[in-house]
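Coordinate inspection notes
Here is what each chain is made of, one letter per residue.
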Amino acid sequence: DILPMFHSFALTTCVFIPFSLGATVVVIESLQPPKPWLAAMAKHKVTILPAVPPVYAALAKIHGLKGFIVRKWFFRTVRFCVSGAAALPVEVLNVFEEKFGKPLIEGYGPTEASPVVSLNPLHGVRKAGSVGLPIPGVRVTMVGEDGREVPQGEVGELCVQGENVMQGYYHLPEQTAEVIRDGRLFTGDMARFDEDGYIFIVDRKRDILKVKGLMVYPKEIENHLAEHPAVAESAVVGVADATGNEVVVAFVVLNEGATAEKTELIKYLRDRLAPYKMPKVIEYKTELPKNALQKVTKPVLRDEARALLAKRGGN
């Protein structure tokens, strides 16, 4: 286990499930440096690796002899890997599976749903960019602002019904009433079904931006940036200007040793995005602020974006 056990993802996949199966759990003190936990994987012949997307992104970037050793020695007994807690970029998924030859299974579920709602099947069709199919006993619907289900293919808020849904937040009835309505858990995640019933998460509802009255999904911009060869990771946030319109700001971390002018990234995005979705500001950083589970803390970046815009006079 390389994940913090206080988080529901690790508590479920690395504690409860292994204990119920009588499986061995290899506990690692820290993600950094990586050599000790990679060595522990080889020593204890680990068969399943649950981790978060940044871990797989880092592994996917290992090249040359070092990459060969990691694949052939440290991962030699691994049967499959599981990704959760944050969106897994399609580029990372494809590169990782090509390099390591191991299935990388992406799933989805908020803590309020115990925390698994859907999973790409290990044996069956796995769709890149999808968080898979609802698990048995769980019903997933996508609903619009009026609370009604939206047609297949359209984006709505992902709602969950099932025994995995929490009873409520402890001693917080008002907050509970906000997210559990009509027997459904309103997750705050915007998503859609494809024609086969696979779920595709579009973005967090609270992260969606409105630019000149039009919806902008930060995840779409981040996914395009992830495909640029010089970009290691990115995070896109919005900040309201004096008119109330949201300004799109992209924070970008480049790969070690890589260079890319901001004008190059802007041109790259212009070929892939509608004009209103384009970031007004691109800011380079050495690293993105993250929590213990390596999820980007966007509130911190919003504060940085406000400061940047204030310094530039709001433009």
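Everything numeric here is computed off the predicted structure, so don't read it as measured data.

A look at the overall build of the protein
- In terms of helices and strands, the protein carries 9 helices and 15 strands.
- Here the protein has a C-alpha radius of gyration of 20 Å; the compact-globule value for 315 residues is 20 Å, and the two agree.
- With the principal axes as the frame, the protein shows a C-alpha extent of 60 × 55 × 40 Å.
- Counting every position in the protein, which comprises 315 residues, the buried fraction comes to 45%.

Some remarks on the side chain of Asn 255
- Along the chain, Asn 255 turns up in the loop between strand E14 (246-254) and helix H8 (262-270).
- When its relative accessible area of 18% is taken as the criterion, Asn 255 is described as buried.
- From its side chain, Asn 255 meets the backbone oxygen of Pro 229 in a polar contact 2.9 Å long.
- What Asn 255 contacts, discounting residues up to four positions off in sequence, is Lys 61, Pro 229, Ala 230, Val 231 and Ala 232.

Quick notes on the packing of aromatic side chains
- One pass over the structure, following the stated rule, counts 4 aromatic pairs.
- A ring pair is formed by Phe 75 and Phe 96, whose centres lie 6.2 Å apart and whose planes are at 70°; its orientation type is edge-to-face. Placement of Phe 75 in the loop between helix H4 (64-74) and strand E2 (80-83) and of Phe 96 in helix H5 (residues 90-100) is noted, with a sequence separation of 21 residues between them.
- Of the residues examined, Phe 75 reaches a relative accessible area of 0% and is grouped as buried.
- By relative accessible area, which is 0% here, Phe 96 ends up buried.
- Pairing Phe 75 with Phe 100 gives two aromatic rings, centres 4.8 Å apart and planes at 55°, and the pair type is tilted. Here Phe 75 is found in the loop between H4 and E2, whereas its partner Phe 100 is found in helix H5, with 25 residues between them in sequence.

Rules used in this analysis
Residues numbered from 1 in each chain as written. Predicted model: local features only at pLDDT ≥ 70, side-chain atom pairs only at ≥ 80, totals over all residues. Heavy atoms only, no water. Helix = DSSP H or I, 4+ residues; strand = E, 2+ residues; numbered from the N terminus. Rg over C-alpha atoms; globule rule 2.2 N^0.38 Å. Buried < 20%, exposed > 50% of the residue type's maximum accessible area, 1.4 Å probe, protein only. Polar contact = N/O pair within 3.5 Å; in protein donor to acceptor, adjacent residues only side chain to side chain. Contact = heavy atoms within 4.5 Å. Phe/Tyr/Trp six-rings, centres within 6.5 Å; stacked < 30°, edge-to-face > 60°.

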